[in-house]
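Structural description and commentary
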Amino acid sequence: MNTQRIEVFKALLTALQAKRPVFLVTVLETWGASPRPAGSVLAFDPLANQVFGSVSGGCVEEDLLESLRSPESLDEKDVFPITKRYGADAAGYDLPCGATIELLIELFDPVQNSSCVEHVQTLLARVDQLSEVCRCVALDSSRTCTLTDFPDEAYGEVWCQDDCVYLRCAAIDKLLLIGATDVAQYLVPLVQQLGYQVSICEPRRSFLERQSLLGNIDVITDALPDDVVYQSYFEENSAIVALAHDPRIDDLGVLAALQGRAHFVGALGSQRNAKLRRQRLMKLGLTENQIEKLKAPVGLSIGSHTPIEIAISIAAQLVDVRSLRVKRVVQGSLIGKIPAGIDKAIV
């Protein structure tokens, strides 16, 4: 669950605490070249006329918000949650990109149902504790919404089964940068915009004094990278990038990271340095499968040379790897059948 989605739920909570009803819209399914992936959310506060997040952008959201301002235009207007489809199989509404998206629309009304405030508060508290939590929304006659565990057989961001929609709210993705270098200075704001919670490990105090990092970044100076990784960056929501360009520092963090479940482990350096690092890691006892996880030289090959260009290439590779993590074709009982002639979106 990235920080942008968290901000949507925080805005939702603020409106609920002010006793204002809010619509929460979630992308359930996508077919074709959809503009937003499954799991994307939008909150609409009609009384304040405020919108947070996005489920598509452009004309879809214009029509969606207009219908939410006038709920009588929605099917089953008196009973939420409901689903609504835009695209090739939706009557009277084709998307310019040719995609089809299916949305879940919920109404949170703190006056009619005070428990919805506690629901969002508990969700945010669990995510803040870096725990995974799942919202289960029933589309049958009960119309209940609860917090539970993501089903063992499920994967992806959304899972639909037995008239229930399971919406995965995973722990925040977090990134550890090893080395407070000039590349780190440019990389920090980029990855923050991508939704990563960023920290820097820099045990070389004299080196740190030469840098002027931007923003309120957690800089760890009293621990070595391997200790930091073992303690806080061993799970699947972790990413580690070694930028110190010093094997005595970088190899410690990389060695620890490759033994864990981090979804991204990268190290800066030339092809020659990358080869030598792999040889050192092999001698330290790592297997070929573990070493294969290492992105080195880190960053997509875009001809980057300057620190800002290298930072952009690393950010792009993080996006690429993260997209592969959610590149799932949802199985199980879907809310709606795939429209004829539309390939299931891989987003």
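Residues numbered from 1 in each chain as written. Predicted model: local features only at pLDDT ≥ 70, side-chain atom pairs only at ≥ 80, totals over all residues. Heavy atoms only, no water.

Moving on to the confidence of the model for the protein. One rule of thumb: low pLDDT means the predicted coordinates there are not for detailed reading. Mean pLDDT for the protein: 85, with 85% of residues reaching 70 or above. Here helix 5 (residues 205–208) is the element of the protein with the lowest mean pLDDT, 75, and strand 14 (residues 264–267) is the one with the highest, 98. Ignoring residues within four places in sequence, the model shows residues 328–334, a span with pLDDT below 50, making 18 contacts including any to other chains. Within the model, pLDDT remains below 50 along residues 337–347, and this stretch shows 34 contacts once partners closer than five positions in the same chain are excluded. (pLDDT = per-residue confidence, 0-100. Helix = DSSP H or I, 4+ residues; strand = E, 2+ residues; numbered from the N terminus. Contact = heavy atoms within 4.5 Å.)

Next up on the list: the packing of aromatic side chains. Scanning the model with the defined rule gives two aromatic pairs in all. Between Tyr230 and Phe234, the ring centres sit 5.6 Å apart and the planes meet at 55°, which makes this aromatic pair tilted. For Tyr230, a relative accessible area of 41% corresponds to the partly exposed category. Over the ring of Tyr233 we find Lys174, and its NZ or CZ is 4.9 Å from the ring centre. (Phe/Tyr/Trp six-rings, centres within 6.5 Å; stacked < 30°, edge-to-face > 60°. Buried < 20%, exposed > 50% of the residue type's maximum accessible area, 1.4 Å probe, protein only. Lys NZ or Arg CZ within 6 Å of the ring centre and 35° of its normal.)

Residues Leu176, Ile240, Val254, Leu281 and Leu294 are the most contacted members of the largest nonpolar core, which totals 25 residues. Put simply, the parts of the chain that give this core at least two residues each are strand 10 (174–178), helix 6 (225–232), strand 13 (238–242), helix 7 (247–257), strand 14 and helix 8 (271–283). Per-element tally for this core: the top contributor is helix 7, with five residues. When near neighbours in sequence (up to four residues on either side) are disregarded, Val254 contacts Ala242, Val265, Ala267, Leu281 and Leu294. Residues Leu177, Val198, Leu318 and Val321 belong to the second largest nonpolar core, which totals 24 residues. (Core = buried A, V, L, I, M, F, W, Y, C linked by side-chain atoms within 4.5 Å.)

Taken together, the four strands give an open sheet; going across it, the order is 7-6-9-8, and neighbouring strands pair in antiparallel fashion. Of all the strands in the sheet, the pair left with one neighbour each is strand 7 (145–148) and strand 8 (158–161). In this sheet, neighbouring strand axes are inclined to one another by 25° on average, regardless of whether the strands run parallel or antiparallel. Pairing analysis gives four bridges linking strand 8 to strand 9 (residues 164–169), with the strands arranged antiparallel. Counterpart to Gln161 in the pairing with strand 9 is Cys164. (Pairing = 2+ DSSP bridges. Axes fitted to C-alpha atoms, helices over the stretch in contact; angles between N-to-C directions.)

Strand order in the open sheet formed by five strands is 3-2-1-5-4, with antiparallel pairing between adjacent strands. Of all the strands in the sheet, the pair left with one neighbour each is strand 3 (50–53) and strand 4 (82–86). Between one strand and the next, the sheet's axes are offset by a mean angle of 25°, whatever the strand orientation. Bridge count between strand 4 and strand 5 (residues 100–108): five bridges; the pairing is antiparallel. Directly across from Lys84, in strand 5, lies its bridge partner Leu103. Set on the sheet, helix 1 (residues 3–17) makes contact with strand 1 (22–31), strand 2 (41–45), strand 3 and strand 5; between it and strand 1 the angle comes to about 150°.

This brings us to unusual backbone geometry. Here the amide bond leading from Phe80 into Pro81 is cis, since omega sits at 5°, within 30 degrees of zero. With respect to the secondary-structure elements, Pro81 resides in the loop between helix 2 (58–69) and strand 4. Of note, the amide linkage connecting Ala296 to Pro297 takes the cis form, showing an omega dihedral of 0°. Considering the arrangement of structural elements, one finds Pro297 in the loop between strand 15 (294–295) and helix 10 (307–325).

Here the focus is the side chain of Glu157. With respect to the element layout, Glu157 can be found in the loop between strand 7 and strand 8. Within the structure, the side chain of Glu157 is placed 3.0 Å from the side chain of Arg5, a separation counted as a polar contact. (Polar contact = N/O pair within 3.5 Å; in protein donor to acceptor, adjacent residues only side chain to side chain.)

Where helix 1 contacts helix 3 (residues 115–128), the two axes come as close as 10 Å, and the packing angle between them is 150°. In the crossing of helix 1 with helix 3, the sense of the turn from one axis to the other is left-handed. On helix 3, the residues that touch Ile6, Phe9, Lys10, Leu12, Leu13, Leu16 and Gln17 of helix 1 are Cys116, Val117, Val120, Gln121, Leu123, Leu124 and Val127. (Left-handed = near helix turned anticlockwise from the far one by under 90°.)

When helix 4 (residues 182–193) is considered as a whole, its buried residues turn out to be Val183, Ala184, Gln185, Leu187, Val188 and Val191. One or two residues past the end of helix 4 sits Gly195, with phi positive at roughly 100°.

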